[in-house]
Amino acid sequence: MNEVADYVAQVRTALADLPATARDELLEDLPEHLAEVAAEGEGSLAERLGPPAAYAAELRAAAGVPAGRRRRRLTVDPRLRDVVGKVRARLQVIDTRTGPLVGYARGSDFLLLLRPAWWVVRGYLLAMALADLPAKDSIGLLPRIQVGDSTLAGLVLLAGFVIGSVWLGQRQGRLPRPHRIGLAAVIALLILPGIGNLMQVDHDTQRRGEWEVAPTIVDVTPAPSPSATG
């Protein structure tokens, strides 16, 4: 039994007092999550995430299920369950079909390689949102601290946010699934102003291009004929 499967089995044992459906919900994405953590660096899962029992306690806390108590069984409409199942199946088909187009078994395998690039872009957008949020006129492709119009301070801010985003990206995979979803939602809201600033830059650049095109005046007055000038 490999390390991921063994860790999952021990977490499942620590959650044995929960109903099967509740336990399966908590463990639904755990194998994939542990595989990502194992691929991100050195050290055993127990060294990086803590003992399986402690991790199970974190899952309980994130789901609001105190130790030693059973969570009420969730009642899910069968029709909703069927819809969710069909959507998941369809996404898996798309994932499998898009993989060969980029040279991988699944499209998601390729997307995993792009995560470091996304961490850098995320830091850039957050810096743009924070630095240029008070701006009313001049917005550029680099963050600029509006107080004093300091580009150097904006670059320092950009470097800090990129480093922080990469640091967070390397560690956010260790968080329980509910925490990861909440963090992703907060980040999505925070980067919206940065995306809006980039759209404004594109709009302003396009308008400047239109203004710089000088009109060409063509004289269409007919030249006088020789007889008229004679």
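Only a predicted model underlies this, so the values are computations on that prediction, with no experimental measurement involved. (Residues numbered from 1 in each chain as written. Predicted model: local features only at pLDDT ≥ 70, side-chain atom pairs only at ≥ 80, totals over all residues. Heavy atoms only, no water.)

Asks: What is the right way to look at helix 3 (residues 30-40) in this model?
Replies: Residues spaced three or four apart along an α-helix face the same direction, because each turn holds 3.6 residues. Those residues of helix 3 that fall on the buried side of the exposure criterion are Leu30, His33, Leu34 and Val37. One face of helix 3 carries all of its buried residues, which in axial projection span an arc of 95 degrees. (Buried < 20%, exposed > 50% of the residue type's maximum accessible area, 1.4 Å probe, protein only. Helix = DSSP H or I, 4+ residues; strand = E, 2+ residues; numbered from the N terminus. Arc of directions from axis to C-beta.)

Asks: Explain the UniProt feature "transmembrane region" (unreviewed entry) in the chain here, please?
Replies: Taking the numbering used here, the UniProt-annotated feature "transmembrane region" (unreviewed entry) corresponds to residues 110-131, 151-169 and 181-199. Structurally, residues 151-169 comprises 100% helix and 0% strand, and the distance from its first C-alpha atom to its last is 27 Å. Here residues 181-199 is 100% helix and 0% strand, with 27 Å between the C-alpha atoms at its ends. (UniProt positions renumbered as here; feature names shortened; annotations may be inferred.)

Asks: Help me understand the environment of glycine 164 in this model?
Replies: As for its placement among the helices and strands, glycine 164 is situated in helix 9 (residues 151-171). For glycine 164 and glycine 123, which are 41 residues apart along the polypeptide, the C-alpha to C-alpha distance reads 7.3 Å.

Asks: Sorry, what's going on with the nonpolar core here?
Replies: Soluble globular proteins: nonpolar side chains tend toward being buried together. Core analysis: the largest hydrophobic core is formed by 16 residues, its most contacted members being Val11, Leu15 and Leu34. Put simply, the parts of the chain that give this core at least two residues each are helix 1 (3-14), helix 3, helix 4 (45-49) and helix 5 (52-63). For this core, the leading source of residues is helix 1, giving four residues. In contact with valine 11, other than residues within four places in its own chain, are Leu27, Leu30, Pro52, Tyr55, Ala56 and Leu59. If you look at the next biggest cluster of nonpolar residues, it comprises nine residues, including Tyr124, Met128, Val162 and Ile191. (Core = buried A, V, L, I, M, F, W, Y, C linked by side-chain atoms within 4.5 Å. Contact = heavy atoms within 4.5 Å.)

Asks: Any chance you could explain the layout of surface pockets here in plain terms?
Replies: What the largest pocket holds in volume is close to 1400 Å³. Along the walls of the largest pocket sit 31 residues, with Glu32, Glu36, Ser108, Leu112 and Arg180 positioned nearest its centre. Contributing elements (two or more residues each) for the lining of the largest pocket: helix 3, helix 6 (78-98), helix 7 (107-113), helix 8 (115-132) and helix 10 (177-212). Broken down by class, the residue content of the lining of the largest pocket amounts to 11 nonpolar, seven polar and 13 charged. (1 Å grid on protein atoms, 1.4 Å probe; cavity = no way out; pocket = protein on both sides within 12 Å on 5 of 7 lines; lining within 4 Å. Points joined across faces, edges and corners; volume = space filled by probe spheres on them. Nonpolar A, V, L, I, M, F, W, Y, C, P; charged D, E, K, R; others polar.)

Asks: How should the packing of aromatic side chains be read in this particular structure?
Replies: Aromatic ring pairs: the centre-centre distance and the angle between the two ring planes describe each pair. Summed over all chains, the structure comprises two aromatic pairs. Both rings, one in tyrosine 104 and one in phenylalanine 110, keep their centres 6.0 Å apart while their planes meet at 45 degrees; by these two values the pair is tilted. (Phe/Tyr/Trp six-rings, centres within 6.5 Å; stacked < 30°, edge-to-face > 60°.)

Asks: How do you make sense of the packing of helix 1 against helix 5 when you look at a structure like this?
Replies: Packed helix pairs are characterised by how far apart their axes lie and by the angle those axes make with each other. The N-to-C vectors of helix 1 and helix 5 enclose an angle of 60 degrees; their axes lie 8 Å apart at closest approach. Between helix 1 and helix 5, the crossing angle belongs to the class labelled oblique. In this structure, helix 1 crosses over helix 5, and the sense of that crossing is right-handed. Residues Tyr7, Gln10, Val11 and Ala14 of helix 1 lie in contact with helix 5, whose contacting residues are Pro52, Ala53, Tyr55, Ala56, Leu59 and Arg60. In terms of residue class, the contact of helix 1 with helix 5 is made up of eight nonpolar, one polar and one charged. (Axes fitted to C-alpha atoms, helices over the stretch in contact; angles between N-to-C directions. Parallel < 35°, antiparallel > 145°, perpendicular 65-115°, else oblique. Left-handed = near helix turned anticlockwise from the far one by under 90°.)

Asks: I tried to follow helix 1 on my own but got confused; where do I start?
Replies: Under the 1.5 Å per step criterion, the end-to-end length of helix 1 is 17 Å for 12 residues, consistent within 8% with the ideal 16 Å. Along helix 1, the positions that sit buried rather than exposed are Val4, Tyr7, Val8 and Val11. Buried residues in helix 1, looked at end-on, bunch into an arc of 100 degrees, giving them a common side. (Expected span 1.5 Å × (residues − 1).)

Asks: Explain the pattern of salt bridges to me, please; I cannot follow it from the model alone.
Replies: Enumeration according to the criterion identifies four salt bridges in this entry. Residue arginine 60 pairs with aspartate 17 through a salt bridge whose shortest N-O separation is 2.2 Å. You can see arginine 60 sitting in helix 5 and its partner aspartate 17 sitting in the loop between helix 1 and helix 2 (20-26), a full 43 residues away along the chain. A salt bridge links aspartate 109 to arginine 106; its shortest N-O distance comes to 3.2 Å. Since its relative accessible area comes to 41%, arginine 106 is described here as partly exposed. (Salt bridge = Lys/Arg side-chain N within 4 Å of Asp/Glu carboxyl O.)

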